[in-house]
Every structure is written in structure tokens, then in C-alpha cells.
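If you want the building blocks of each chain, they are given just below.
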Amino acid sequence: MAVTPADKALRAPVRHAKRKPLRKRFALAAYIALLPMALTVVFAYLGTMLWSLRTSFTNSRTFASTSFAGVSQYVRLFNNDRWMLSLQNIVIYGVLFIVICLVIGLLLAVFIDQKVVAEGALRTVFLYPYAMSFVATGLVWQWILNPELGIQEVLHRIGFTHARFDWIVDQDRVIYTLVIATVWQASGLVMALLLAGLRGIDDEIWKAARIDGIPRWRVYVSIVIPMLGASISTAFILLFVMVIKLYDAVVAMTQGGPGTASEVPAKFIMEYLFGRANLGLASAASIVLLITVLAILAPVFYVRSRALRLRDAR
Amino acid sequence: MNSMKKLVVSVFAVVAASSAAHADPLKATVIHWWTSGGESAAIKQFADAYNKAGGLWVDNAVAGADQARSTALNRIMGGDPPTAAQFNTSKQFHDIIDQGLLNNVDDVAAKENWDATFPPSIIASIKSNGHFYAAPVDIHMPAWFFYSKSAFQKAGIPKEPANYDEFIADLDKLKAAGVIPLALGGQAWQEKITFDAVFADVGGPDLYLKIYRDRDVNAVKSDAFKKVLTQFKRLHNYVDPGSPGRNWNDATALVISGKAGVQIMGDWAKGEFVAAKQSAGKDFGCFPGFGPHSPYLVAGDVFVFPKTDDANAVKAQKLLATVMTSPAAQVAFSAKKGSIPIRSDIDDSSLDMCAKEGIAIMKDKSRQLPNPEMLTPPDINGALQDVITNFWNKNQSVEDAQKAFASGLKS
């Protein structure tokens, strides 16, 4: 069948016109595929956040009520000694936990990166605490730290009768026992993240440094660690999330005690949500927590995305 | 393969036949948090009694009281209510009553004459606007004094203390004898129980009710209440350094082994003694307070019946309420649970010494004192618990504790 130029002329725009909606349809498919996730985000995350925000302005008790109570729950919250103490505790805990985890995690990663023997086994050992539920390991930590059962008692029995390690029953020091136990748990995770980062560093850099005669520690401090920026900020965000949701360790180890000395915000919220049947106050507390988190994480994300954009531009 | 199929078919046939023969047993889904050994043996008594009465008990145990209660609440709000759900004898379920989400069991209460049979403090908790909204199933006294007979012997204490000063003197003797005088699990709720025991005995029922029931701030500022706090704090000299954070059953274990003298704990602690093969009166002793007129704190558990229009479910709810409160089921349940029955018209010969004493005391209405949870809503109760645990653990002055208590009461 002969094709006339007229046919061609007719067909060409048709084909052209066809191509565009095809592309559009592809985009549509992508949107459809994303829809479930988008709905989850909108309803399950943002929706419940707005719901909590609304509830925090009501005098809800066991059930969510709609009677508006202004900011009275917030006033009550900030007059609540236990809440203020929880905030103070989480700041002390958070700073110590994140810093110590990053330092130990980095040292472990560098150590393993020296091509040590039985690397696989060591990696497993360091990562193992993270794989276990803190409800179980927290109880073990409670026993280890208890002055009548654990370390102190052992020291007494082997002759050091004046040794004292009773932080877990000490009002002023109990928060540090939480740091010790959770650092043990989480530093393996930091190690795994940073080790992956270290392995991603080009061997050429090491070779060049060796030729220039730069000592190893100097290469780590001045070259390698700055290059690990992305891994470290990922680790920071993960650790930060763990700080905010700190709950199981407290429940398993101290139940917030002695007294209220190791109370944390998440435990406060959980208790007022269920046991103490005050949805309004619990919602107000969780909104305050959310705002705090946003205030800290938003700059981190901003700096990170700016750094990435700058690098791409280069 | 074929024989397998046949087997399956025949099993189905048998199951179908047997359920048909029972002509629709009244199915009851029951949410509760009794999961430990003694507890589940106790709830089984109810299940058996209910099944015998023509029902079909569908057990829905949820570990942890808070979790069980929030499961029940979620199912009620989600439109799939259980037939019955456990709560404490307290104000915990009063919000659900106010929301109109519970069926009342007035028929059963009228038929069984609950008003005359049950203690008034329990009636006050389950009755709202003249309707009965819960079936009480047990009475727990949260502040018994359990003591080790061997430790008392070692310290040369011949008899139970008759007043608070004697009690302190006995603790001194125990300390001198080298045992831990007071086995306390230093968790906020246990410290609160200890405080309430001291409050009821030292402060007396009038002050107790003025503060917990009437929430009278002036009473909190009174010298009488100051004395209560002071006397409570005196006990701090008699606990061991390992106390903070200890679980209640570990504290009981100290008494069982004779390493500690006394524990102030609810009567559920008897389960631990029984599990260690110790018996009341022989290996350990119990007294609910000091002297023959000491107040007896009343706590316990109830089952509520969420709103439903399903006629069969309503029938099942009424049958549950009847069966659970019946004398036979009450005795069988109490023997396993360590609690005392909610009614006194029962045969208590199968119960232990402490339970018998409790039943005898409950007959004297003037000694009954509702526990704080029955008198204050959960969040105020929690705030007061925070105040007490702070006072116990910190170097806080009594005046500051009074101020904190007053503001907790008002919150």
C-alpha cells in the first residue's frame, strides 16, 4: 500500500498528539502508586496530629470531647512539676546519649575498619544489643545496677567493701544509668552506619595520604570524618528519634523513680493518655513535644539539604 | 489424603452437632487482665460457672491493666464492644457511664438485692444516678501488713503491734536483729499504698475522707495531716538501699525468705506466699492495721457491660452479672485469687486466715474505708501519687509536701 505525503502529513500530528497524553498517563500511574502512601501521611500522620492539636484545646478525659477549654491544658501542663522535670531530664539525657553514642560508635567503626580478625563476629557482637528488646535487657540492667544485687555487691564480696555504685537508687544520678544502658544498646547501630560510610571512602585518598606521610589519626580527623557528614547526620537523626521516644528503658529499669527523678516526656504522655485518663493534658504534652522536635530537627534538615544542594551545584 | 478429608469432615460434623445440641449458648466475650498463674486459675472459676449456666465464655485476656482497659475502650468506641470488660472498683469507668456507653444491670441487682448484700463503699462505686452499671467480683484490701514469723522471732517480737508507735518500735527491733525492717518496692504506686496505710491508721477515717472524698484543702494544711506525713516519712529509716525500683513480688520474696520483716501490700501478695508453700498463721502473719478498730481499705475489681442492642448479648450480660456475683462462684474465685468475696452470706471455710479476718471485719460497716481510687478521678490520684513519691524519695520538707499535696488535689 502506497503512502501518500498527505497521509504522512495527517498522521504526523496525530502521532505527536498521541505521545503527550501517553506521558501524562505515565505520570498519572506514578501518582496512583503514590496515593496510598500519600493518604497514609495525610490521614494517619497529619490527620492525627491535627486531631491531637484539637484535643489539646478541650477538657477531654477518658474520651475525646469537643467542649473547648482554651489553653487551660497548656497552663496546667507547665505548672506540672513532673512535666517540667521530664523536659529537663530529656535534655540532659539526650545530649549525653547522642554525644556518647556518636563517639563510641565512631571509635568502634574505625576499630573494625582496621581490617581486624573475625570482623563479622565482632560486628554481630556490637550490633546485638540493638536487636534485643529493651524490656528484657532493661531488667537485666536493673539487676546489674542494683546496689544489693549487682556491681556494688560483687565489689563488696571481693573485698572492696567501701566501693559504691548506687546510681540507680540515687535521685541525682539515676538519669546517667539510663544513659549507660541505652548507649550500650544503640552505639552498635551507630557503628554499623558509620562503618558503611567508612567503607564508601575511596582507597585513593588513603594512598595519597600515605604518600604525603600524614599519620592515620590525622587522616581520620581531618579528611575521613568530614567526608562522613551524611552518615553522621543520619545517625544523629536516628538517635534523636530514640531520645524523644525514650520509654521502654525507663519503664524496665526505674519506672521513673526513685520518686520522679527519671521521668521522661513519653512516659508522662502515656500515663496521662491511659492510666490517668486525661486525653486533653496528654495531647497538650504531645503537641509541646512535637513543636520541640520540629524546632530542633528543622534546622538540621535545612542545613543538610543546603549542603547537598551546594555539592550538586559544584 | 482421603482419610484426612474424612477426618476433617467428621470433626466438623461432630462440632456442628454438639453446638446444635446446646441450642445457641449465650456467647460472652470477656476482656480482663488476669494473666498470672493464680489470677487465671481464679477467672477460670467464673468461666466454668458461666459455661455451666448455659453460656459460652470467650476469654479475652490482655496482659497489663492499662492495656486491657484501653483495649476495652477502643472496642467500645469502635462499635465492636465486648460483652463484659474488667475495671477496678473506682472512678475509672465513670466517664463511660456519663457518655451513656454502658448497659445497666438493674434487673439483676433488684432480683439479687445487691443494695442489701454488698458493702456500701462498693455500691457507691458501681451505682450512678440510681442505676447499677457494674458487677463487683472481689474485694481487695490494698494495705495489709504481712510479716515473717521467723524474722519476728529472731528480733524477739512476741505479738503484732497494737498501734503505730509499737510498730515503729518493732521495726527498730528488726533493724537491731539485722533484718531489713520494711520490705518496700520503691515504685510510686507501692509508696502510695504504704502512705495510704499510714494515713488511714494515723490520720483516722474522718481526715482521710475529708481529704480524699471532699478534697478539703484546709484539711491538707492541718496539723493532723502534717503528722500523717511526718509519721509516713519515719518509715524511710527502715527500708534497705536496694528498695527503689524494686517490684512488689521481689519485696514479698524478701519477707518469705525471712530477710525482711514486714511488707505493706495488697492481699494479692498472699499468692506469692502460697507459691512458696508458706501458709498464713504458720510461716507468715497478717494484720490489716493496728488494733481492733483499724480502718479496712476497700478496693477490688468489677465487670462493666458495654451498651449493645443485641438481645442475646444483653441476656449474656445479665447471666454474667448473676453468675459472677453468685455465692458459689464467689467462694471458688476468692480461694484462688486471694481476695475476699463481695458478699458475706457465703461459706468461708475454704479461705485462708487473712481472708477470714477480712470477711469478719467487712461485717462492721464502720471500719470500711474506700480506697482513694474510688474517691478521686484517675488523674488527681496520679498527681497525688507523684507528690507522695517525691516526698518519700527527696529531702522535701513536710510543709512543702503539704503544699504540693494541696495543689495536686486541686488540679
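Right above here is the structure, for reference.
Residues numbered from 1 in each chain as written. Chains lettered and ligands numbered in written order. Predicted model: local features only at pLDDT ≥ 70, side-chain atom pairs only at ≥ 80, totals over all residues. Heavy atoms only, no water.

Let's shift gears to a nonpolar patch on the surface. On the surface, Leu35, Met37, Leu39, Val41, Val42, Phe43, Tyr45, Leu46 and Met49 of chain A cluster together into a nonpolar patch covering about 850 Å² of accessible area. Looking at the secondary structure, you find Tyr45 of chain A in helix H1 (residues 5-55). (Patch = residues over 30% accessible without salt bridge, like charges linked within 9 Å, V, L, I, M, F, W, Y side chains within 5 Å. Areas by Shrake-Rupley, 256 points an atom, 1.4 Å probe, with all protein chains shown as cover. Salt bridge = Lys/Arg side-chain N within 4 Å of Asp/Glu carboxyl O. Helix = DSSP H or I, 4+ residues; strand = E, 2+ residues; numbered from the N terminus.)

Residue and element names in this part refer to chain A. Taken as a whole, the second largest pocket encloses approximately 550 Å³ of empty space. If you go around the second largest pocket, you meet 18 residues; those closest to its centre are Met49, Ile244, Ser286, Leu289 and Leu290. For the lining of the second largest pocket, the secondary structure elements donating two or more residues are H1, helix H10 (229-244), helix H12 (265-273) and helix H13 (279-313). At six residues, the largest contribution of residues to the lining of the second largest pocket is made by H13. Residue composition of the lining of the second largest pocket, by class: 14 nonpolar, three polar and one charged. (1 Å grid on protein atoms, 1.4 Å probe; cavity = no way out; pocket = protein on both sides within 12 Å on 5 of 7 lines; lining within 4 Å. Points joined across faces, edges and corners; volume = space filled by probe spheres on them. Nonpolar A, V, L, I, M, F, W, Y, C, P; charged D, E, K, R; others polar.)

At the interface, 21 residues of chain A touch 28 residues of chain B. Between chain A and chain B, a total of about 2200 Å² is buried, with carbon and sulfur atoms accounting for 52% of that surface. When the buried surface of chain A facing chain B is broken down by residue, Phe63, Glu148 and Arg276 of chain A rank first, second and third, together holding 29% of it. For the interface between chain A and chain B, the tally reads five salt bridges. We note a salt bridge from Asp386 of chain B to Arg82 of chain A, for which the minimum N-O separation is 3.1 Å. Here chain A and chain B share 12 residue pairs in polar contact (both at pLDDT 80 or more) between them. Of the residues in the side of chain A that touches chain B, the class split is seven nonpolar, nine polar and five charged. (Contact = heavy atoms within 4.5 Å. Buried area = accessible area lost by both parts, 1.4 Å probe. Polar contact = N/O pair within 3.5 Å; in protein donor to acceptor, adjacent residues only side chain to side chain.)

All names here are of chain B. Turning to its location among the elements, Val198 is positioned in helix H10 (residues 188-212). Sequence spacing of Val198 and Gln231 is 33 residues, and the spatial spacing of their C-alpha atoms is 7.5 Å. Sequence-distant contacts of Val198, that is, excluding residues within four places in its chain, are made with Tyr164, Gly203, Val228, Gln231, Phe232 and Leu235.

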